[in-house]
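Listed below are the residues making up each chain.
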Amino acid sequence: MLSFIVRRFGLLIPTFFGVTLLTFALIRLIPGDPVEVMMGERRVDPQMHAAAMHRLGLDKPLPQQYLDYIGKLAKGDLGESLRTRESVWHEFLTLFPATLELAIAALLFAGTLGLLAGVIAALKRGSLFDHGVMGLSLAGYSMPIFWWGLILIMFFSVSLGWTPVSGRIDLLYDVEPVTGFMLIDTLLGDEEGAFLDALRHLILPAIVLGTIPLAVIARMTRSAMLEVLREDYVRTAKAKGLSPSRVVFIHGLRNALIPVLTVFGLQVGTLLAGAVLTETIFSWPGIGKWLIESIGARDYPVVQNGILLIACLVILVNFAVDVFYGLANPRIRHQS
Amino acid sequence: MPFFRNALSIALLAAGACVAQAKPLVVCTEASPDGFDIAQYTTAVTADASAETLYDRLVRFTRGTTQVEPGLAERWEISPDGLTYTFFLRKGVKFHTTEYFKPTREFNADDVLWSFERQRDAKHPWHDQAARGFPFFESMEFGSLIGNIEKLDPYTVRFTLTKPQAPFLADLAMGFTSIYSAEYADALLKADTLDKLNSQPVGTGPFVFQRYAKDAQIRFKANPDYWDGVPPSEKLLFSITPDSNVRLQQLRAGACQIALYPRPFDVPGLRKDDKLAVLEMDSLLTSYVGINAAHPPLDDVRVRQAINLAVDGKAYIDAVFGPDAATQAVNPYPSTMLGYDDSITPWPHDPERAKKLLEEAGHKDGFKLTIFTRPGGGPTNPNPALGAQMLQADLKAVGIEAEIRVIEWGEMIKRAKAGEHDLVFMGWAGDNGDPDNFLSPNLSCAAVTSGENYSRWCDKAFDSLITQARENNDPEQRAALYRKSLAIFHEQAPWIPQAHPRQFTALSKDVDGFVQSPLGSNNFAKTKRK
């Protein structure tokens, strides 16, 4: 098992370098440099341009810039934003908890509801419920996030007035950021009603972000359950007279969970990608919006290191899933 | 769906649990500021969150106009040759007292000198702090324009210019000339925390900075010592809401009282809402298509005129902006500005005359050209794809085959500055209400060399007229010079002038005292909730 983990970990190093090279190259392939983009349609004085590029260290040859970048990374220095002059690490730490809080809420929503719907659909195969779940999950999967978000806002926030339109908390509450997780910070603060308000703000974005993973998880659980329920050991369990819930949840779902778990791992990437749109619709101050704006401004350090940090996160989650997988299923361990 | 049901019931419970607090003024704005050190930045949202709230300038624009009135300078004198400006500073003006800075002295000439010298003097200890430079100071060529700045006494400052510049006073009302506290800057320099100037600002403006949560909110409180009267809103909050639809929903739900930048197409719907009001105003914006006069056959004035005749300007405005959301442009700047000539009328939509002109110019069978446009819309071009297609169709009707190239904004600007385009969709937002601010950057011969004259049209007579007008301080003489220059512009047709978009602000009816600015800036120093 240890050698499996070591081998898997070994694969992470080239992936990491690949990501650094790719982000470094891609952002520079987009034409226009940070100074030109800032000046827009206004006049750019060549001397001022050259001086600014020198200050930013962007007048050096590209290989040199890449080596400088890797050298800084090795020292744990992620540089500072060309635009705001804040350290990239600081900005990431400020914004990432918002994205993480939203992603966790979305995953909880998608996981709980998806597993339940998938299991029931499998047990009642061919029923109206099954067809309903499959139809809705197909619709959910195909739903453009932007449209879906606005529809929910119109219905729940504007027409019914049940949920807030956007943001993480009502601006009437002045919550001191401690952890960056609004639900925790509101509990740490002493403003009455702030926690519930933060929770209300989380509901719609979590549903919107969780819709696609919910659809995927529900379909995946259903098909995995159907397969498992046909297995001999399930028939044996039933024949032994075990209770139906024990057969379904202990013998069935536990085995069906392995492919579902893979989907969970892959959904982390989807959640981070989907967060870009969800964050925009709900004015959720997370990393998605941060990266999009930084690409527009050609803020090289933010784009390079922001994407690197997200890539590391996705890599680590998938690594954890791989390891967990290996633990759960000896065949995978031996094959690799 | 147990989770969903629970979530809804929690939401319902929480709906009644709002705490009663003092009512702040909440403004839904579209983006985060780049920072709070306005001299480093160009975006309007950055200016709203800094220049309009935290800082003052020597002079300022009278609310809702482009007239200049006293600000931190109580009065000024301009020498007859137009080269020396002496400002007499207001006494008793206090800088903000915050958790991170307690001023020990009031505003004086040292602060003025610091605010200009750090942008002007490359050896100033603060000059390199703005890694990307000082965009407005540099693009307006203040470095070469200002010959000297002297402190005559603690409350008198003299600027000596290297050449007369009529718009100079209006330039000094722009955000990048905001006055900073030299005492605070010294304290930051001593502590080696220069970056805090951008994140923990100190000014003399109507509001004091409290907290900024990136991409979420900015919190200000009223400046109790403000020299121009304490703002009636004790708290001012900016809710950063990028999506325009969501801003309007926030407004309808009462989460904010002012929603900036509603889309023109949403305005009719907003007007039907009893609880809301919509303010509108002619903005200092011009959208145009630059015709690259350096590329044959566009160097032939008849061809440029033919292109103008081929275009259906009215249909363009209705389709791209929406009816009543823009006025058709004729001149490079809107009719509210000095020297505008009402007698010049738009080129009519006359494809037959266009064909005749093309025939005269030797292009009976037409020719091919490229149209550069960008993918995403903005205030001067809300629907670039549609606009380009309409232009393409209009040109096709007179025999000109146009190929549309949709290019990312930064790249398009770069290529257009290099003169690669034939036609390019462009726009300009006026900075100070002076005609020179439209004409010199976009149509002067000097701007052909530097690239931002996207029509690459250099007409000596026109150039001489706008130079004379820039150096003349007499408004009537200037107006006459501008009228002559506009006639040349119209006849030479280096642009297809398209539209002057109107600007809208949506607000709740309980908001009092908000006035739109033709410059597109938003100031809440006199705004309150009823």
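Residues numbered from 1 in each chain as written. Chains lettered and ligands numbered in written order. Predicted model: local features only at pLDDT ≥ 70, side-chain atom pairs only at ≥ 80, totals over all residues. Heavy atoms only, no water.

Looking at empty space enclosed by the protein
Gaps left between atoms are located by rolling a probe of water-molecule size over the structure's atoms.
All names here are of chain B.
Point 1. Going through the model one piece at a time under the given rule, you end up with 4 cavities of 30 Å³ or more.
Point 2. A volume near 180 Å³ is recorded for the largest cavity.
Point 3. What lines the largest cavity is a set of 16 residues, among which Asn 308, Gln 328, Ala 329, Ile 496 and Pro 497 lie closest to the centre.
Point 4. Secondary-structure elements contributing two or more residues to the lining of the largest cavity are helix H12 (313-320), helix H19 (475-492) and strand S18 (495-508).
Point 5. With 4 residues, S18 is the single largest residue contributor to the lining of the largest cavity. (1 Å grid on protein atoms, 1.4 Å probe; cavity = no way out; pocket = protein on both sides within 12 Å on 5 of 7 lines; lining within 4 Å. Points joined across faces, edges and corners; volume = space filled by probe spheres on them. Helix = DSSP H or I, 4+ residues; strand = E, 2+ residues; numbered from the N terminus.)

So, the interface of chain A and chain B
Point 1. Chain A puts 61 residues into the contact, and the matching count from chain B is 70 residues.
Point 2. Approximately 5,900 Å² of surface area, both sides summed, lies buried where chain A meets chain B, with 61% of it carried by carbon and sulfur atoms.
Point 3. The interface formed by chain A and chain B includes 4 salt bridges.
Point 4. For B:Arg219, the salt bridge identified is with A:Asp174, shortest N-O distance 3.5 Å.
Point 5. The interface formed by chain A and chain B holds 7 residue pairs in polar contact (both at pLDDT 80 or more) in total.
Point 6. Of the residues in the side of chain A that touches chain B, the class split is 35 nonpolar, 9 polar and 17 charged. (Contact = heavy atoms within 4.5 Å. Buried area = accessible area lost by both parts, 1.4 Å probe. Salt bridge = Lys/Arg side-chain N within 4 Å of Asp/Glu carboxyl O. Polar contact = N/O pair within 3.5 Å; in protein donor to acceptor, adjacent residues only side chain to side chain. Nonpolar A, V, L, I, M, F, W, Y, C, P; charged D, E, K, R; others polar.)

Concerning the state of the cysteines
Residues and elements named next belong to chain B.
Point 1. Summed over the entire model, instances satisfying the criterion amount to 2 disulfides over all chains.
Point 2. The disulfide partner of Cys 28 is Cys 256, and the gap between their sulfur atoms is 2.3 Å. Handedness of the Cys 28-Cys 256 disulfide follows from its S-S torsion of about -105°: it is left-handed. Of this pair, Cys 28 sits in strand S1 (residues 25-29) while Cys 256 sits in the loop between helix H9 (244-252) and strand S11 (258-260), and the two are 228 residues apart along the sequence. For the pair formed by Cys 28 and Cys 256, the shared burial category is buried.
Point 3. Between the sulfur atoms of Cys 445 and its disulfide partner Cys 458 the distance amounts to 2.0 Å. A torsion of 95° about the S-S bond marks the disulfide between Cys 445 and Cys 458 as right-handed. Residue Cys 445 is located in helix H17 (residues 445-450), and its partner Cys 458 is located in the loop between H17 and helix H18 (460-470); the two are separated by 13 residues in the primary sequence. (Disulfide = S-S within 2.5 Å. Buried < 20%, exposed > 50% of the residue type's maximum accessible area, 1.4 Å probe, protein only.)

What to know about the sheet that holds strand S7 (residues 156-161) of chain B
All names here are of chain B.
Point 1. As summarised here, the arrangement of the 4 strands in space is S4-S5-S7-S6, forming an open sheet in which the pairing is antiparallel. Single-partner strands in this sheet number two, and they are strand S4 (73-78) and strand S6 (146-153). Direction aside, the axes of adjacent strands within the sheet are offset by 20° on average.
Point 2. Lying over the sheet, helix H3 (residues 109-120) contacts strand S5 (84-89), S6 and S7, oriented at roughly 160° with respect to S6. (Pairing = 2+ DSSP bridges. Axes fitted to C-alpha atoms, helices over the stretch in contact; angles between N-to-C directions.)

Regarding the pairing of S1(B)
Residues and elements named next belong to chain B.
Point 1. Counted residue by residue, S1 has 5 buried out of 5 residues, so it is predominantly covered.
Point 2. Neither face of S1 is exposed, since Leu 25, Val 27 and Thr 29 on one face and Val 26 and Cys 28 on the opposite face are all buried.
Point 3. Where S1 and strand S10 (residues 235-240) come together, 5 bridges link them in parallel fashion. What sits directly across from Cys 28, in S10, is Ser 239.
Point 4. When S1 meets S11, the two strands line up parallel, connected through 2 bridges. Directly across from Val 27, in S11, lies its bridge partner Ile 258.

Quick look at the domain arrangement of chain B
All names here are of chain B.
Point 1. Along its sequence, chain B is carved into domain 1 (25-239 + 510-529) and domain 2 (285-503).
Point 2. Domain 1 and domain 2 are separated by 34 Å when their C-alpha centres are compared.
Point 3. Taken together, the contact between domain 1 and domain 2 spans 20 residues of the former and 14 residues of the latter.
Point 4. Summing the contributions of domain 1 and of domain 2, the shared interface buries around 1,200 Å²; its carbon and sulfur component is 49%.
Point 5. Put simply, domain 1 and domain 2 have 0 salt bridges between them. (Domains from an automatic or database assignment.)

Considerations on the UniProt feature "domain: Solute-binding protein family" (unreviewed entry) in chain B
Point 1. With numbering aligned to this structure, UniProt lists the feature "domain: Solute-binding protein family" (unreviewed entry) at residues 67-447 of chain B.
Point 2. With 30% helix and 23% strand, the stretch residues 67-447 of chain B has end C-alpha atoms that lie 27 Å from each other. (UniProt positions renumbered as here; feature names shortened; annotations may be inferred.)

Looking at the domain arrangement of chain A
Residues and elements named next belong to chain A.
Point 1. What the domain assignment lists for chain A is domain 1 (31-77) and domain 2 (96-333).
Point 2. For domain 1 and domain 2, the distance between their C-alpha centres works out to 39 Å.
Point 3. Tallying the contact residues gives 8 residues for domain 1 and 7 residues for domain 2.
Point 4. Contact with domain 2 buries surface across domain 1, with Pro 34, Val 37 and Tyr 69 losing the most and accounting together for 60% of the total.
Point 5. Applying the counting rule to domain 1 against domain 2 returns 0 salt bridges.
Point 6. At the junction of domain 1 and domain 2, the tally comes to 1 residue pair in polar contact (both at pLDDT 80 or more).
Point 7. Sorting the residues of the side of domain 1 that touches domain 2 by element identifies helix H2 (34-39) and helix H4 (62-74) as the ones contributing at least two each.

Some thoughts on unusual backbone geometry
Point 1. A cis amide bond links B:Pro296 with the next residue in sequence, B:Pro297, at an omega value of 5°.
Point 2. Inspection of the secondary structure puts B:Pro297 in the loop between strand S13 (285-291) and helix H11 (301-310).
Point 3. Positive phi outside glycine occurs at A:Ser283, with the angle close to 50°.
Point 4. Checked against the element boundaries, A:Ser283 lands in the loop between helix H11 (244-281) and helix H12 (287-296).
Point 5. Assessed through its relative accessible area of 3%, A:Ser283 is described here as buried.
Point 6. Although it is not a glycine, B:Ala493 adopts a positive phi angle of roughly 50°.
Point 7. Along the chain, B:Ala493 turns up in the loop between H19 and S18.

Examining the packing of aromatic side chains
Point 1. For the structure on display, the rule yields 39 aromatic pairs over all chains.
Point 2. Relative to B:Tyr184, the ring of B:Tyr100 lies with its centre 6.2 Å away and its plane at 40°, an arrangement referred to as tilted. Of this pair, B:Tyr100 sits in the loop between S5 and H3 while B:Tyr184 is found in helix H7 (residues 182-190), placing the two residues 84 residues apart along the sequence.
Point 3. For B:Tyr184, a relative accessible area of 3% puts it in the buried group.
Point 4. Taking the centre distance of 6.4 Å and the plane angle of 25° together, the rings of B:Tyr316 and B:Phe425 count as stacked. With B:Tyr316 in helix H12 and B:Phe425 in strand S17 (residues 423-429), the pair connects residues that are 109 residues apart, well separated along the chain.
Point 5. Following the ring pairs from residue to residue traces out a cluster consisting of B:Trp76, B:Tyr85, B:Phe87, B:Phe116, B:Phe136, B:Phe137, B:Phe142, B:Phe159, B:Phe168 and B:Phe176.
Point 6. Looking at A:Arg28, its charged tip hangs above the ring of A:Phe24, at a distance of 3.9 Å from the centre.
Point 7. The ring of B:Phe88 has B:Arg75 lying over it, and the distance from NZ or CZ to the ring centre is 3.9 Å. (Phe/Tyr/Trp six-rings, centres within 6.5 Å; stacked < 30°, edge-to-face > 60°. Lys NZ or Arg CZ within 6 Å of the ring centre and 35° of its normal.)

Side note on the UniProt feature "transmembrane region" (unreviewed entry) in chain A
Residue and element names in this part refer to chain A.
Point 1. Annotation from UniProt places "transmembrane region" (unreviewed entry) at residues 9-30, 102-123, 144-162, 202-220, 256-277 and 307-328.
Point 2. In the segment residues 102-123, helix accounts for 100% and strand for 0%; the C-alpha atoms at its two ends are 31 Å apart.
Point 3. Between the end C-alpha atoms of residues 144-162 the distance is 23 Å, and the span holds 79% helix and 0% strand.

Some words on the pattern of salt bridges
Point 1. Tallying each qualifying case throughout the model produces 32 salt bridges over all chains.
Point 2. Two residues, B:Lys396 and B:Glu401, come together in a salt bridge whose shortest N-O distance is 3.2 Å.
Point 3. When its relative accessible area of 53% is taken as the criterion, B:Lys396 is described as exposed.
Point 4. Residues joined in a network through salt bridges with shared partners are A:Asp174, A:Glu176, B:Arg211 and B:Arg219.

What to know about the nonpolar core
Point 1. Formed by 101 residues in total, the largest nonpolar core has its most connected members in B:Leu58, B:Phe87, B:Phe116 and B:Phe159.
Point 2. Ignoring anything within four residues of it in the chain, the contact list for B:Phe87 reads B:Leu58, B:Val59, B:Ala73, B:Arg75, B:Trp76, B:Tyr155, B:Thr156, B:Val157, B:Phe159, B:Leu169 and B:Leu172. (Core = buried A, V, L, I, M, F, W, Y, C linked by side-chain atoms within 4.5 Å.)

Some points on H19(B)
Residues and elements named next belong to chain B.
Point 1. Relative to the 26 Å expected for 18 residues at 1.5 Å per residue, H19 spans 25 Å between its end C-alpha atoms, a close match to the ideal helical length.
Point 2. Turning to H19, its buried residues are Arg 478, Ala 479, Leu 481, Tyr 482, Ser 485, Leu 486, Ile 488, Phe 489, His 490 and Gln 492.
Point 3. Measuring from the backbone nitrogen of Glu 476 back to the side-chain oxygen at the start of H19 gives 2.9 Å, which picks out Asp 474 as the cap.
Point 4. Two residues or fewer past H19, Ala 493 is found with a positive phi of approximately 50°. (Expected span 1.5 Å × (residues − 1).)

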